[in-house]
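Chain and residue survey
Next come the chains, spelled out residue by residue.
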Amino acid sequence: MVARVIPVEPFDLVIFGATGDLARRKILPGLFHRFRAGQMPAEAKIIGSARSDMDSAEFRDLIKAALIEFIDEAMRPDDLVTDFLDHLSYVHIDAMGETGWSELKKALRPETTRTFYLSVSPSLFGAIAERLSLNGIATDDSRIVVEKPFGHDLESAKALNKDLLKHFDEQQIYRIDHYLGKETVQNLMALRFANSLFEPLWNSTHIDHVQITVAESIGVAGRGGYYDQSGAMRDMVQNHLMQLLCLIAMEPPSKFTPNSVRDEKVKVIEALEPVATGDIVRGQYRAGRDNQSYFDDVGNTDSRTESYIAMKLSVGNWRWAGTPFYLRTGKQLRDRASEIAVVFKDPPHNIFPNKMEGRKGNALIIRLQPDEGITLRTTIKEPGPGGMRLTEVAMDMSFADALGENLMSQDAYERLIMDVIRGDQTLFMRGDEVEAAWAWADPLIAAWEEANQRPVPYDPGSSGPEEALMLMHQGGRRWRPIGDQAF
Ligand code: NAP
């Protein structure tokens, strides 16, 4: 299958923090891929900005080096790289200072839609938004994109929202959660709302429980300072896992418009029941043969921050009453694997006595990584004579096989940047959505901080702490093996 490329209107894109890691590793390579695909119009202008004092030629050299570092040689013919770099220029601005803004204003075209991508620390969001506004650079149809983390708690998220909303309307603000740009995550909506097969079963009458797993095999070495202030709850659950839960649990929106979709997601967060302390397990990895302990990685032997968390949640509404949602995420686990498993209840009456032992039951498994795809675990008759024996098989669909490797290789950033340019906010978090997620997370974090609880230790390369296994076993259920190709 060949990807349809729908060109976008000419745009002026200003990237603040254009010399930083994210801009060099994701944003500019993502833009290059869209340019290579023919999606970027000839009139598009990309203006990099940061504190570093350099001219446009030096900035192009920096980005050329980034493209060479982060894109396979076969994907970046020299002439295309040169043509892409022609779209780039640089304006030197210290976000906290007053110089450079008029130069930026001059570089922008009056009739062209402006997008300001803030790939900088959130502590600079307010200062940049204010200067864009006071210097008359932001227009009524400009867009502003902000990176994660969007706040550290409800109070800081509200403060960020307030700072942005002083100068931009909500329809102009794009809060990035790159998980929402993943092809498989978007496919959750297509799977649920473009098929008639699943939706009639998508409720507590038929679904026993849902497991959402985002497992990483690496530790926090290299970003320990940041991570130790954050932990798995703030870094992963409050944003990424919460988004996945919302897409699985939300009611069908009446239309596929940004606000209809986001209205339904907010309702899921608001419907979450309070979580009992016993339904949360927090862990910290020990030292292993090839890795240091979490304490050593963050340089704090008294750290109480979790590198792993598992929890059982209940969505208190008619659709989901009685169906638990189990979430887990962590570092230094046995594999890098993310999936959502929707596990169905057994048939109401078993006509095959003694033939169902050991059967795990029907499950729809949506793999986010690696090998994005969908597996439906189904029971069939074991072939051959010898009576009616049952076995389970996988009806398996890999997106790469079905749609082509190149369609699946697009990075989330490519899609999200193009959505901003098109003015489509569907895959971006609305202010009230972020605040609702923090309002849910804050009391849980406060409770364990107040109890000054130490997370339980777990072995690197394992599936997490024993206590997390028990969390499932108590309900007579089992976690799926992490990263195992078993269905
Ligand atoms: P980084 O490598 O530290 O880059 C920060 C950028 O901000 C640099 O270009 C820096 O330029 C610029 N900057 C710093 N202070 C400035 C100031 N006062 N005025 C103007 N520019 C200033 O950070 P990063 O990793 O790219 O992350 C950027 C943002 O994306 C952060 O909010 C981060 O949390 C978020 N994020 C990053 C990743 C990632 O993978 N890197 C992933 C998700 C989210 P100078 O050095 O020239 O000052």
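Please read these numbers as outputs of a predicted model, since none were measured by experiment. (Residues numbered from 1 in each chain as written. Predicted model: local features only at pLDDT ≥ 70, side-chain atom pairs only at ≥ 80, totals over all residues. Heavy atoms only, no water.)

**Describing the overall build of the chain**
Helix and strand content of the chain: 15 helices and 15 strands. What you see for the chain is a C-alpha radius of gyration of 24 Å, in line with the 23 Å of a compact globule of 487 residues. Considered along the principal axes of its C-alpha atoms, the chain spans approximately 80 × 55 × 45 Å. Here the chain holds 487 residues, and 53% of them are scored as buried. Expressed as a percentage of contacts within the chain between residues at least 6 apart in sequence, the contacts between residues at least 24 apart total 77%. The average position of the 55 basic charges and that of the 71 acidic charges among the side chains of the chain differ by 4 Å. (Helix = DSSP H or I, 4+ residues; strand = E, 2+ residues; numbered from the N terminus. Rg over C-alpha atoms; globule rule 2.2 N^0.38 Å. Buried < 20%, exposed > 50% of the residue type's maximum accessible area, 1.4 Å probe, protein only. Contact = heavy atoms within 4.5 Å. Lys, Arg positive; Asp, Glu negative; His and termini not counted. Charge placed at Lys NZ, Arg CZ, Asp CG, Glu CD.)

**What about the sheet that holds strand 9 (residues 308–314)?**
Ordered in space as 14-13-12-11-7-10-9-8-15, the nine strands form an open sheet in which the pairing is mixed. Edge strands, defined here as strands with exactly one partner in the open sheet, are strand 14 (390–398) and strand 15 (456–458). The mean angle between the axes of side-by-side strands here comes to 20 degrees, regardless of whether they run parallel or antiparallel. Pairing of strand 7 (residues 207–215) with strand 11 (residues 337–344), which is carried by eight bridges, proceeds in the antiparallel orientation. Among the inter-strand pairings, alanine 215 is bridged to a residue of strand 11, identified as alanine 337. (Pairing = 2+ DSSP bridges. Axes fitted to C-alpha atoms, helices over the stretch in contact; angles between N-to-C directions.)

**Describing the packing of helix 2 (residues 56–70) against helix 3 (residues 78–85)**
For the pair helix 2 and helix 3, the least separation of the axes is 11 Å and the interaxial angle reads 140 degrees. On the basis of the axis angle, helix 2 is oblique to helix 3. Seen along the crossing, helix 2 lies across helix 3 with a hand that is right-handed. When helix 2 is examined against helix 3, the residues Arg60, Ile63, Lys64 and Leu67 are found in contact with a partner set consisting of Val81, Phe84 and Leu85. Within the contact of helix 2 with helix 3, the residues separate by chemical class into five nonpolar, no polar and two charged. (Parallel < 35°, antiparallel > 145°, perpendicular 65-115°, else oblique. Left-handed = near helix turned anticlockwise from the far one by under 90°. Nonpolar A, V, L, I, M, F, W, Y, C, P; charged D, E, K, R; others polar.)

**A look at the site of the ligand**
Close to the ligand lie 21 residues, the nearest being Thr19, Asp21, Arg25, Arg51 and Ser52. Within the contact set of the ligand, an oxygen atom lies 2.8 Å away from a backbone nitrogen or oxygen of valine 120. Burial of the ligand by the protein amounts to 72% of the accessible area it has alone, namely 890 Å². Top contributing element to the shell around the ligand by residue count: helix 1 (residues 21–36), with three residues. By residue class, the composition of the shell around the ligand is nine nonpolar, six polar and six charged. (Near = heavy atom within 4 Å. Polar contact = N/O pair within 3.5 Å; in protein donor to acceptor, adjacent residues only side chain to side chain. Areas by Shrake-Rupley, 256 points an atom, 1.4 Å probe, with all protein chains shown as cover.)

**Describing the pairing of strand 9**
In terms of residue burial, strand 9 counts as a mostly covered element, since five of its seven residues are buried. Where strand 8 (residues 280–285) lies against strand 9, four bridges are found, and the strand directions are antiparallel. Following the sheet pairing, isoleucine 280 is matched in strand 9 by methionine 311. Note: strand 9 against strand 10 (residues 324–330), seven bridges, orientation antiparallel. Bridging from a neighbouring strand, lysine 312 pairs with tyrosine 326 of strand 10.

**Observations concerning the sheet that holds strand 1 (residues 11–16)**
A sheet is described by the order of its strands in space; here six strands give the open sequence 3-2-1-4-5-6, paired in parallel fashion. Here the strands that pair on one side only, and so sit at the sheet edges, are strand 3 (88–92) and strand 6 (173–175). In this sheet, neighbouring strand axes are inclined to one another by 20 degrees on average, regardless of whether the strands run parallel or antiparallel. Alignment of strand 1 against strand 2 (residues 45–50), held across five bridges, turns out to be parallel. Directly across from phenylalanine 16, in strand 2, lies its bridge partner serine 49. Strand contacts of helix 2: strand 2 and strand 3, with the helix running at about 120 degrees to strand 3, the strand carrying the most contacts.

**Here we look at the domain arrangement of the chain**
It is common to report an interface's size as the accessible area lost on association of the parts. According to the domain assignment, the chain consists of domain 1 (11–147) and domain 2 (180–410 + 430–473). Using only C-alpha atoms to locate each centre, domain 1 and domain 2 end up separated by 35 Å. (Domains from an automatic or database assignment.)

**Some remarks on the side chain of glutamine 332**
Examined against the element boundaries, glutamine 332 turns out to sit in the loop between strand 10 and strand 11. If near-sequence neighbours (up to four positions away) are discounted, glutamine 332 is found in contact with Glu216, Ser217, Ile218, Gly219, Tyr285, Asn291, Tyr458, Asp459, Pro460, Gly461 and Ser462.

**Description of the layout of surface pockets**
Taken as a whole, the largest pocket spans an internal volume of roughly 1500 Å³. Surrounding the largest pocket, 47 residues form its lining, Leu22, Arg25, Lys26, His178 and Tyr413 being those nearest its centre. The set of elements that each furnish at least two residues to the lining of the largest pocket consists of helix 1, strand 7, helix 8 (224–249), strand 12 (363–369), helix 12 (405–408) and helix 13 (412–422). Split into classes, the residues belonging to the lining of the largest pocket amount to 18 nonpolar, 12 polar and 17 charged. Structurally, the lining of the largest pocket is a two-domain feature, drawing no fewer than three residues from each of domain 1 (11–147) and domain 2 (180–410 + 430–473). (1 Å grid on protein atoms, 1.4 Å probe; cavity = no way out; pocket = protein on both sides within 12 Å on 5 of 7 lines; lining within 4 Å. Points joined across faces, edges and corners; volume = space filled by probe spheres on them.)

**Side note on the pattern of salt bridges**
Tallying each qualifying case throughout the model produces 31 salt bridges. The partner of lysine 265 in a salt bridge is glutamate 433, with the nearest N and O atoms 2.9 Å apart. In this pair, lysine 265 sits in helix 9 (residues 258–270) while glutamate 433 sits in helix 14 (residues 431–451), placing the two residues 168 residues apart along the sequence. Under the relative-accessibility criterion, glutamate 433 is labelled buried at 1%. (Salt bridge = Lys/Arg side-chain N within 4 Å of Asp/Glu carboxyl O.)

**Comments concerning unusual backbone geometry**
A cis amide bond links lysine 148 to the next residue, proline 149, at an omega of 5 degrees. Following the sequence through the fold, proline 149 ends up in the loop between strand 5 (143–146) and helix 6 (154–165). Phi angles above zero are rare outside glycine, and glutamine 332 is one such case at about 55 degrees.

**Side note on the packing of helix 8 against helix 14**
Viewed as axis vectors pointing N to C, helix 8 and helix 14 meet at an angle of 140 degrees, and their least axial separation amounts to 10 Å. With respect to their mutual orientation, helix 8 and helix 14 come out oblique. In the packing of helix 8 onto helix 14, the handedness of the crossing is right-handed. Side by side, helix 8 and helix 14 meet where Met233, Arg234, Val237, Gln238, Met242 and Gln243 of the first sit next to Glu433, Val434, Ala437, Trp438, Trp440, Ala441, Leu444, Ile445, Trp448 and Glu449 of the second. Taken together, the residues of the contact of helix 8 with helix 14 break down into 11 nonpolar, two polar and three charged.

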